[in-house]
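Each chain, written out:
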Amino acid sequence: MDLAHTEEEREFRARLRAWLAKVLPELPARPSPDDWPGRRAYDLGWQRRLYDAGYAGLHWPVDAGGRGATPTQHLLFLEETERAGAPYVGANFVGLLHAGPTIAAEGTPGQRARWLPPVLRGDEVWCQGFSEPGAGSDLASLRTRAVRDGDAYVVTGSKIWTSHAEIADWCELLVRTDPAAPRHRGISWLAMPMDAPGVTVRPLRTLAGSAEFAEVFLDEVRVPVENRVGAENDGWRVTMLTLSFERGTAFVGEVVACRRTLSRLARAAKENGRWDDPVVRRTLGRLHGEFGALWRLTQWNVSESQRSGGVPGVGGSVFKLAYSHARQELYEAAAAVLGAESLSLEAEWTAERLSSLSYTIAAGTTEIQHNIVAERILGLPKGR
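Numbers given for residues are sequential positions, taken from 1 along each chain in its written order. Two thresholds apply to this predicted model, a pLDDT of at least 70 for residue-level local features and 80 or more for giving and counting side-chain atom pairs, whereas whole-chain, interface and lining totals are computed over all residues. In computing side-chain properties, one takes all heavy atoms of the structure into account and sets aside hydrogens as well as water.

### Observations regarding the overall build of the protein chain
Here comes step 1: On a plain count of helices and strands, the protein chain comes out with 11 helices and eight strands.
Here comes step 2: Each residue is assigned to one of three classes by its accessible area relative to the maximum for its type, calculated with a 1.4 Å probe on protein chains only: buried under 20%, partly exposed between the two thresholds, exposed over 50%. Among the 384 residues that make up the protein chain, the fraction classed as buried is 51%.
Here comes step 3: The contact criterion used is simple: two residues touch if any of their non-hydrogen atoms lie within 4.5 Å. In the protein chain, of all internal contacts separated by at least 6 residues, the share reaching a separation of at least 24 is 71%.
Here comes step 4: As displayed, the protein chain has an accessible area near 18,000 Å², and 53% of this comes from carbon and sulfur atoms. Going along the chain from the N terminus, every DSSP run of H or I of four or more residues is numbered as a helix, and every run of E of two or more is numbered as a strand. Residue burial considers only the protein chains on display, and all accessible areas are found by Shrake-Rupley using a 1.4 Å probe.

Shown next, in the form of structure tokens:
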């Protein structure tokens, strides 16, 4: 792993910093967390600014509409935008971080031309239709079926925990196209328009009171066969590629944000006297080391990705395991430092603490990540 930046990378960082310093003061006020149409407009407006400045899809291949930047430059971009307090990908994280890179890697020329430019320009939002009520961590047991009818698949079933489904234009959808095949082999990856007849979206309210997730019900929805990415019944392989992006560099910006949050906590502890408690100091010091190590692990994963042509490896599961628990511990420490202030339901700290509880479930549960690390990295036999 080479941690030293080249002259080109240092120049890239300087240009990006200058651009952020100029454009961030021009942004409108952030909309209310409950104003989803407003949040969509705000997030896509930021994406359009990135596109016009040449920063959209920075690490995507040039023939997919990106700049073909190295994974290290992508890491620098995420680090600098987070440190500057710039908007994150927001409502279109599925399109930019999951579906888009998957289509760039596996899609036909026609599919890439149709779907990638609107994602990069901030014209369309994607959601992910993978999990089902009976197929969450055990994704291969999904039962949403797709029956071939001429030039279309007729899709029936349901999905759950579909982020931003109520404002999405497209859904990356996993369906079972061959119920007689072994469960990992009878799956296909489809791009489904969310305005198709038969699609019903029902928002789900979380513990924090937000409604960024939804149930999606599919009643004989017709999806063109030309919307299938990869071969029929080869969707599991395509999905593993999607999940490698999801567990690879998708959390990089959040590590930077957590390190900044930790610094704020340390300042708060010194101001309210909690810094005098040796347990608090030890906890914050240990978390400082944890997030420092996570940042180095991220750099290692990026170096590995750079050697493999830009596709994250299974090391992303090691990162995801450690990060999920470190984030939960960070907001437990916030409760200890801030006391009653952290209990207000309107407080930023409370919302983030409640959100942190989901990280050992989202993007693959801790149990699933343990299995991946054991079997694919350590070479241990599969459990019975």
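Back to the write-up after that little detour.
### What to know about the side chain of Thr177
Here comes step 1: Here Thr177 lies in the loop between strand E4 (170-176) and strand E5 (187-193).
Here comes step 2: Owing to a relative accessible area of 14%, Thr177 belongs among the buried residues under this scheme.
Here comes step 3: The definition of a polar contact used here is a pair of N or O atoms within 3.5 Å, where within protein one atom must be able to donate a hydrogen and the other to accept one, and adjacent residues in sequence count solely through side-chain atom pairs. Of note is the side chain of Thr177, whose polar atom sits 2.5 Å from the side chain of Asn233.
Here comes step 4: Residues contacting Thr177, with those up to four places away along its chain left out, are Ala146, Tyr153, Gly186, Ile187, Ser188, Glu232 and Asn233.

### Quick word on the side chain of Ser188
Here comes step 1: Along the chain, Ser188 turns up in strand E5.
Here comes step 2: On the accessibility criterion, Ser188 (0% relative accessible area) is buried.
Here comes step 3: A distance of 2.8 Å separates a polar atom in the side chain of Ser188 from a polar atom in the side chain of Thr177.
Here comes step 4: Other than its neighbours up to four places away in sequence, Ser188 contacts Leu173, Leu174, Val175, Thr177, Arg228, Ala231, Glu232, Asn233 and Gly235.

### A few points about a nonpolar patch on the surface
Here comes step 1: Residues Val318, Ile377, Leu378 and Leu380 make up a contiguous nonpolar surface patch of roughly 340 Å² in combined accessible area.
Here comes step 2: Inspection of the secondary structure assignment puts Ile377 in helix H11 (residues 366-377).
Here comes step 3: Its relative accessible area of 39% is what places Ile377 among the partly exposed residues. The patches reported here contain residues having more than 30% relative accessible area and no salt bridge. Joining distances are 9 Å for like charges and 5 Å for nonpolar side chains (Val, Leu, Ile, Met, Phe, Trp, Tyr). In what follows, salt bridge is the name for a side-chain nitrogen of Lys or Arg lying within 4 Å of a carboxyl oxygen of Asp or Glu.

By themselves, these observations are geometric and do not establish any function.
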